[in-house]
Every structure is written in C-alpha cells, then in structure tokens.
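Understanding the architecture of this molecule
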Amino acid sequence: MSLTETEKKKGEKKDREPVRITGLPFFPHFLLREVVVMCFIAGSLILMASIYPAGLLKPADPFDTPTPIYPEWYFLYVFGFLKFWTWDIGPIDAKMIGVTLPMVLWYGLLFMVPFIDRNPSIDIRKRKVAVALGVIALLGILYFTYFSIVHH
Amino acid sequence: MSLLDNINEWIYSRFKIKDLLTSIVKHPAPDYAVTNPLYCLGGTAFLCFLILVGTGIFLAMYYKPTPLEAYKSVEHIMTVVPMGSLIRSIHHWAANMMIAAVMLHMMRIYFMGAYKKPRELNWVVGVTLLLITTTFGFSGYLLPWDQLAFWATKIGTGIAGSIPIMGQYISLLLVGGTDIGAETMTRFFAIHVMVLPLTTAILLVLHFAMVRIQGISGRL
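Here we summarise the structure given alongside this text. Residue numbers restart at each chain and count upward from 1, following the sequence in its written direction. Labels are handed out in written order, letters beginning with A for the chains and numbers beginning with 1 for the ligands. Restriction of local features to residues with pLDDT of at least 70 applies here, the model being predicted, together with a cutoff of 80 or more for giving and counting side-chain atom pairs; totals for whole chains, interfaces and linings are based on all residues. Values shown for side chains rest on all heavy atoms present in the structure; no hydrogens or waters enter the calculation.

Quick look at the overall build of chain B now. On a plain count of helices and strands, chain B comes out with 10 helices and one strand. Here a strand is any run of E in DSSP of at least two residues, a helix any run of H or I of at least four, and the numbering for each starts at the N terminus. The helix and strand sequence of chain B, counted from the amino end, reads α-α-β-α-α-α-α-α-α-α-α. Using C-alpha atoms as the atom set, the radius of gyration is obtained and then compared with a globule rule of 2.2 Å times the number of residues to the power 0.38. Here the C-alpha radius of gyration of chain B, 21 Å, is well above what a compact globule of 220 residues would show, namely 17 Å. Reported as C-alpha extents along the three principal axes, the dimensions of chain B are approximately 60 × 50 × 30 Å. For chain B, the proportion of its 220 residues judged to be buried stands at 46%. To be clear on the numbers: accessible area is Shrake-Rupley with a 1.4 Å probe, and residue cover counts the displayed protein chains and nothing else. If you sum the accessible surface of chain B, you get close to 11,100 Å²; carbon and sulfur atoms cover 74% of it. His is not counted, nor are the chain ends, whereas Lys and Arg count as positive and Asp and Glu as negative. One atom stands in for each charge, and that atom is NZ of Lys, CZ of Arg, CG of Asp or CD of Glu. Of the side-chain charges in chain B, 15 are positive and 10 negative, and the distance between the mean point of each set is 9 Å. When a residue's accessible area, from a 1.4 Å probe over protein chains only, is under 20% of the maximum for its type it is buried; when over 50% it is exposed; and in between it is partly exposed.

Have a look at this one:
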C-alpha cells in the first residue's frame, strides 16, 4: 500500500462519526427510566381497557351493509384521499390514481427518505426543506383523515 | 458456598454469561436519550408488541377461526372466560397504542434527522415495521367476524384489489376466493398470528442490532 493510500484511509477514519458516545450506563439509569415508562404504559392500557372495553357489534351479515363503515383510524387518510381524488388523468381512471398514489407512491417516498435527503446536517435550522416537507406531509395526512370523516 | 453460588458457578463455567451481561449492563446510553421523553417512543412500541404477544396467545387459546364459530368464541371470551374481556380490551388498546407509538417514533426520527448516514437501512427496516404494524391491525380487524369486521375487510381488500397490475393477485392471496368467507378468515388468522409476529420479531432484532452497532444519533 502506498503512503498516499494509507493517508487516505486515515483521513476516512477521522471523518467517520464516533460510534460510542460517553453517557449514562444502561444499567441502572437507562433501564430505570424504561421501567418507569413501562409501568405508566401498562397502567394506562389497563385503565383504558377497563373504561372502554373492546367492542363487538352484531354478527357479520354479507347481505346487510351497515352505514357508516369506518376503517381503523390509521387507514382513514388512504380512504379520504380516495374520496378526494376525482380527476382522471388521460386514460388513467381517477379511482386508480386515488388508490395507487397513497399506497405505492407515499410509502415508496417514505422508504426512500434517507436516500432522497442527502443533506448531512442534523441541525433542524439547517434542514428547512426537509422539515417543511415533513410538516406538509403531516398536515396532508391530517387533512385527508378529516376529509374521510366529513365526506362519508 | 451457598446453593445459589453453586448454580451460578455451574452456569458460568459453561456459558460465561456474566461477560456478556457486563457489556450490556455497562453499555453507555447518551444522557439526552435518558432524559428526553421523546426517546421513549420506540421502547413504548416494543412494550406494546410484547403485551400484544402475551394477550394474543391468551386470545388464540379461546378463539376459533371459522365463520360459524368466530363470533361465538369472541362472545365467549367477552362474557364467560375469566378476565377475558379485560385481556381482549388490553389487546385492542395495545394495538392502537403501538401504531400511534410507531408513528410518533417515526416522526421523531424524521424531524431529528436520525435516519442519516450511517443509519439509512435502519430507517428502511423501521418503515417496513410500520407497514407490518398496520397490516397487523388490518388482519386483526376481521377476526371477531362482526358487522364492522366483515365490511371493513370487504372495503379494505377491495381497495388493495384495485392497485394496478398486482392488485388482483394481492386480493386473491388475501381473500382466497371471490368473496370474504372461511378461506379469508383462516388466511387472515394465519397471517395475524404466525407470519406477521415472526417477521416483526426478526425485523426488531435487526432494528435493535443496528441501533446497538451504530449508536444513537446525536442531539438536535
């Protein structure tokens, strides 16, 4: 290995982020906080389960469509977007777009986030575009959730 | 030497577990991760997963995945089985809380930029876990076989079925026929209690191993 190559390697090593950060030991500090949080979560779950038990409606009947039918709250925005999008684009049917856009494009974008955002900074003041896009995405999801409830 | 020491010695001389434990116990966690409650969200989701596994095993012991028996067995759990109503309700609430926790956890990672180099792949595993968590919710929704379960599944599989090209295959794979019935039910049950928990467990091991190897991302 030539000298320049060795120097290059050394340089790379320096650039790399330090992996270990000095801090509080896992036990007992980190674990203690975890146990406190766990007790809080378990307590609230038991409380919610006791006050609002899981429901059970009438048995399923394929010949009787109930109204309204809501999906789980975390699917409402997909549902809302499907209702919101009523425009055909060329030969593509509006419904097709309404289904594909949130399910394929939105999740595709989510997966690609670290490969799209190449800005190395983790300082929120230097990530204005990423933060703005994140806020827009959040507001969009909230809006379509709202839309699905109102336009039922 | 007491009996406990003897047992300890016996195990240690064979497995050296203590050495492994020390590295886990003494492993430093960054102070901001210990003091800032936003760093609890991932752990909350994991705790919910553990609670769901526990309560889920209990429910699976009483539940019968056929259109004729499913509703009756859930009714039986709710009215006759000791603590059955509580356990099913905890399963219900833990499921909702898990999805909320996973979403909030993802938002924290996004706004803190914690997905950046070298943690790109951990973000991808995380989004996969979010997808799996919502699929968990979707597959579990059908199992009680009440009106809401049936019709929500009908709409859900209908939406999945209208995705171009692969939609009809996804629909056939899920429904197992032309309409929602016994085939759908056993499929959803198998997915809900076998496929998804196993996949989640494997991905969680990956997710945690990557956090351990790469450390927790720096403060804002």
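When helices and strands are tallied, chain A shows five helices and one strand. The linear arrangement of helices and strands in chain A, starting from the amino end, is α-β-α-α-α-α. The buried share among the 152 residues of chain A stands at 28%. Taking the contacts inside chain A whose residues are at least 6 apart along the sequence as the reference set, 53% of them involve residues at least 24 apart. Working rule for contacts: check all heavy atoms of both residues, and any pair within 4.5 Å makes them a contact.

What follows deals with a nonpolar patch on the surface. Residue and element names in this part refer to chain B. Patch membership requires over 30% relative accessible area and the absence of a salt bridge. Like charges are linked within 9 Å, and nonpolar side chains (Val, Leu, Ile, Met, Phe, Trp, Tyr) within 5 Å. What counts as a salt bridge is simple: a side-chain nitrogen of Lys or Arg found within 4 Å of a carboxyl oxygen of Asp or Glu. On the surface, L3, L4, I7, W10, I11, F15, I17, L21 and I24 cluster together into a nonpolar patch covering about 930 Å² of accessible area. Counting only elements with at least two residues in the nonpolar patch, the list comes to α1 (3-15) and α2 (17-25). If you trace the backbone, L21 turns up in helix α2.

A word on the packing of helix α2 (residues 26-51) of chain A against helix α4 (residues 41-62) of chain B. For helices, the fitted axis covers only the stretch in contact; all axes are lines through C-alpha atoms, and the angles between them, taken along N-to-C directions, range from 0 to 180 degrees. Interhelical geometry of α2 of chain A versus α4 of chain B gives an angle of 55° and a closest axis separation of 10 Å. The orientation of α2 of chain A with respect to α4 of chain B, classified from their angle, is oblique. Our pair here, α2 of chain A against α4 of chain B, has a crossing hand that is right-handed. The residues of α4 of chain B that touch α2 of chain A, namely those facing E34, V37, M38, I41 and L45 of chain A, are G43, T44, L47, C48 and I51 of chain B. Any residue outside Ala, Val, Leu, Ile, Met, Phe, Trp, Tyr, Cys, Pro, Asp, Glu, Lys and Arg is labelled polar, Gly included; the first ten of those are nonpolar and the last four are charged. Looking at the contact of α2 of chain A with α4 of chain B, its residues break down into seven nonpolar, two polar and one charged. For classification purposes, an angle smaller than 35 degrees is called roughly parallel, one larger than 145 roughly antiparallel, one from 65 to 115 roughly perpendicular, and anything else oblique. Should the near helix be turned anticlockwise from the far one by less than a right angle, the crossing is termed left-handed; should it be turned clockwise, right-handed.

Two rings from Phe, Tyr or Trp (for Trp, the six-membered ring) form a pair when their centres sit within 6.5 Å of each other. Planes less than 30 degrees apart are called stacked, planes more than 60 degrees apart edge-to-face, and all others tilted. Overall, the coordinates contain 27 aromatic pairs over all chains when judged by the stated rule. Summarising the aromatic geometry, the rings of F75 of chain A and F138 of chain B are spaced 6.1 Å apart at their centres and angled 90° between planes, so their arrangement reads as edge-to-face. Placement of the pair is F75 of chain A in the loop between α2 and α3 (76-84) and F138 of chain B in helix α7 (residues 120-142), with the two residues belonging to separate chains. You can call F75 of chain A partly exposed: its relative accessible area is 21%. Taking the relative accessible area as the measure of exposure, F138 of chain B reaches 17% and is therefore buried. Relative to F147 of chain A, the ring of F84 of chain A lies with its centre 5.5 Å away and its plane at 85°, an arrangement referred to as edge-to-face. Residue F84 of chain A is found in helix α3, and its partner F147 of chain A is found in helix α5 (residues 128-150); the two are separated by 63 residues along the sequence. In this structure F147 of chain A comes out as buried when scored by relative accessible area, which is 12%. Among the aromatic residues, those joined into a cluster by ring pairs are F81, F84, W85, W87, Y143, F144, Y146 and F147 of chain A. A ring is considered to have a charge above it if a Lys NZ or an Arg CZ atom is located within 6 Å of its centre and within 35 degrees of its normal. Lying across the ring of W10 of chain B, R14 of chain B places its NZ or CZ 3.8 Å from the centre.

It is worth spelling out the interface of chain B and chain A at this point. Chain B puts 80 residues into the contact, and the matching count from chain A is 69 residues. Summed over both partners, the accessible surface that disappears when two parts come together, traced with a 1.4 Å probe, is what is meant by buried area. Buried surface at the junction of chain B and chain A, summed over both partners, amounts to about 6,600 Å²; 72% is from carbon and sulfur atoms. At the surface where chain B touches chain A, the tally comes to one salt bridge. N or O atoms closer than or at 3.5 Å make up a polar contact, with two conditions inside protein: a donor-capable atom paired with an acceptor-capable one, and, for residues adjacent in sequence, both atoms drawn from side chains. Where chain B packs against chain A, one counts 28 residue pairs in polar contact (both at pLDDT 80 or more). Considering every element that reaches the side of chain B that touches chain A, the biggest residue donor is helix α6 (residues 84-112) of chain B, with 17 residues.

Looking now at the layout of surface pockets. Over the atoms, a rolling probe the size of a water molecule traces out where space has been left empty. When its volume is computed, the second largest pocket comes out at roughly 1,400 Å³. What lines the second largest pocket is a set of 50 residues, and nearest its centre among them are H105, H207, F208, V211 and I216 of chain B. Of all elements in the fold, only α2 of chain A together with β1 (28-29), α4, α6, α7 and α10 (182-214) of chain B reach the threshold of two or more residues within the lining of the second largest pocket. Its residues assigned to classes, the lining of the second largest pocket comprises 32 nonpolar, 12 polar and six charged. The method works on a 1 Å grid over the protein atoms by themselves. A cavity is a set of points holding a 1.4 Å probe that cannot get out, a pocket is an open set with protein on both sides within 12 Å along at least five of seven lines, and residues with an atom within 4 Å of a point line them. Grid points are joined across faces, edges and corners, and a volume is the space filled by probe spheres set on the points.

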